[in-house]
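Listed below are the residues making up each chain.
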Amino acid sequence: KERTKRAIIRAAPELLQEGSMPTVAAAAERAMVSRATAYRYFASQGELGEALATATPAIAAIDQLVDDLSSSDVEERLLEVVEAYNQIVIADETHMRNMLRVLQDNWLKAGLDGEGDKTFVRSQTRLRWIDQVLGPLEQLTEEWRLRLRAALAITLGIESIVSLKDACGLDDDDALAVLRWAAVAMLRAGLSEGHEVSR
């Protein structure tokens, strides 16, 4: 059973590299496993996405970094994660851009096929990291925690790096510097406004 599950997980990034969407069905076909069997392991695209993220060495390294965060200073915690993950994205930029392209192509195809907001393989990993980073902020209301989490998600990943490099013409170092600055600025603004609202 474990070998079958690993085969499905291994097939998914192969499909991404080839420019195909790693759906549960497609991964099952590549792994030479029946669809029914694959869906017993991964009932949804989200579950496959989480398994893919967990199996990726770079993601595992950030998972470990987040688990090992010892400072109670949220700004310090945030910068550690933003710096570490975005450097990984820059180092593997070609693969990351290809993955983004596949996701966007399939989003567009779903619209043309009338499938609307079809669920794609998108991991919630970065949101999980941010939740752990914000862990010491017990005074924030749930509304403001969720708003701050969504804002900070913009500072992690290939989407923002593409915008900064392609639209703004920044090099790698400047793009990373802007993301660090933006993360801190949004955190401080969110804490300030959130505290005002909770008074």
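Attention here is on the structure that accompanies the text. Values in this document were obtained by computation on a predicted structure and should not be read as measured data.

Some points on the overall build of the protein
Summing up its helical and strand segments, the protein has eleven helices and zero strands in all. In the protein, the order of α-helices and β-strands from amino to carboxyl end is α-α-α-α-α-α-α-α-α-α-α. Sorting the 199 residues of the protein into buried and exposed places 42% on the buried side. Taking as baseline every contact in the protein between residues at least 6 positions apart, the subset at least 24 positions apart corresponds to 66%. Accessible area for the protein stands at about 10900 Å²; split by element, carbon and sulfur atoms hold 52% of it.

As for the nonpolar core
Core analysis: the biggest nonpolar cluster contains 35 residues, and V81, Y85, L134 and L187 have the highest contact counts within it. Counting only elements with at least two residues in this core, the list comes to helix 5 (57-67), helix 6 (74-91), helix 7 (93-112), helix 8 (125-133), helix 9 (142-153), helix 10 (158-167) and helix 11 (172-198). The leading source of residues in this core is helix 6, at eight residues. Other than its neighbours up to four places away in sequence, L134 contacts V74, R145, L148, R149, L152 and L187. Counting residues in hydrophobic clusters, the runner-up holds 14 residues, among them V24, A31, V33 and A38.

Topic: unusual backbone geometry
Of note in this structure, M32 is not a glycine but carries a positive phi near 60°. Looking at where M32 falls in the secondary structure, it is placed in the loop between helix 2 (24-30) and helix 3 (35-41). Exposure remark for M32: the relative accessible area of 77% places this residue in the exposed category.

Examining the packing of aromatic side chains
Within the structure shown, the criterion is met by one aromatic pair. Between Y85 and W129, the ring centres sit 5.0 Å apart and the planes meet at 65°, which makes this aromatic pair edge-to-face. Highlighted residues: Y85 in helix 6 and W129 in helix 8, separated in sequence by 44 residues. With relative accessibility at 9%, the residue Y85 sits in the buried group. Residue class for W129 comes out buried when judged on its relative accessible area of 1%. Over the aromatic face of W144 sits the side chain of R147, whose NZ or CZ is 4.6 Å from the ring centroid.

With respect to the packing of helix 5 against helix 8
The N-to-C vectors of helix 5 and helix 8 enclose an angle of 15°; their axes lie 10 Å apart at closest approach. Classified by the angle their axes make, helix 5 and helix 8 are roughly parallel. As for the relative orientation of helix 5 and helix 8, their crossing is left-handed in sense. Residue-level contacts link I59, I62, D63, V66 and D67 of helix 5 to T125, R128, W129 and Q132 of helix 8. For the contact of helix 5 with helix 8, the residue count by class is four nonpolar, two polar and three charged.

Details of the pattern of salt bridges
In this structure the tally under the stated criterion is eleven salt bridges. Here E93 and R97 are joined by a salt bridge, their closest N and O atoms 2.8 Å apart. Taken as a pair, E93 and R97 lie in helix 7 at a separation of four residues, close to a single helical turn. Look at E93 and you get buried, because its relative accessible area is 14%. By sharing partners, the salt bridges in this structure join E93, R97, K165, D166 and D172 into a single network.

Quick notes on the rules
- Residues numbered from 1 in each chain as written.
- Predicted model: local features only at pLDDT ≥ 70, side-chain atom pairs only at ≥ 80, totals over all residues.
- Heavy atoms only, no water.
- Helix = DSSP H or I, 4+ residues; strand = E, 2+ residues; numbered from the N terminus.
- Buried < 20%, exposed > 50% of the residue type's maximum accessible area, 1.4 Å probe, protein only.
- Contact = heavy atoms within 4.5 Å.
- Areas by Shrake-Rupley, 256 points an atom, 1.4 Å probe, with all protein chains shown as cover.
- Core = buried A, V, L, I, M, F, W, Y, C linked by side-chain atoms within 4.5 Å.
- Phe/Tyr/Trp six-rings, centres within 6.5 Å; stacked < 30°, edge-to-face > 60°.
- Lys NZ or Arg CZ within 6 Å of the ring centre and 35° of its normal.
- Axes fitted to C-alpha atoms, helices over the stretch in contact; angles between N-to-C directions.
- Parallel < 35°, antiparallel > 145°, perpendicular 65-115°, else oblique.
- Left-handed = near helix turned anticlockwise from the far one by under 90°.
- Nonpolar A, V, L, I, M, F, W, Y, C, P; charged D, E, K, R; others polar.
- Salt bridge = Lys/Arg side-chain N within 4 Å of Asp/Glu carboxyl O.

In short, geometric facts, not functional conclusions.
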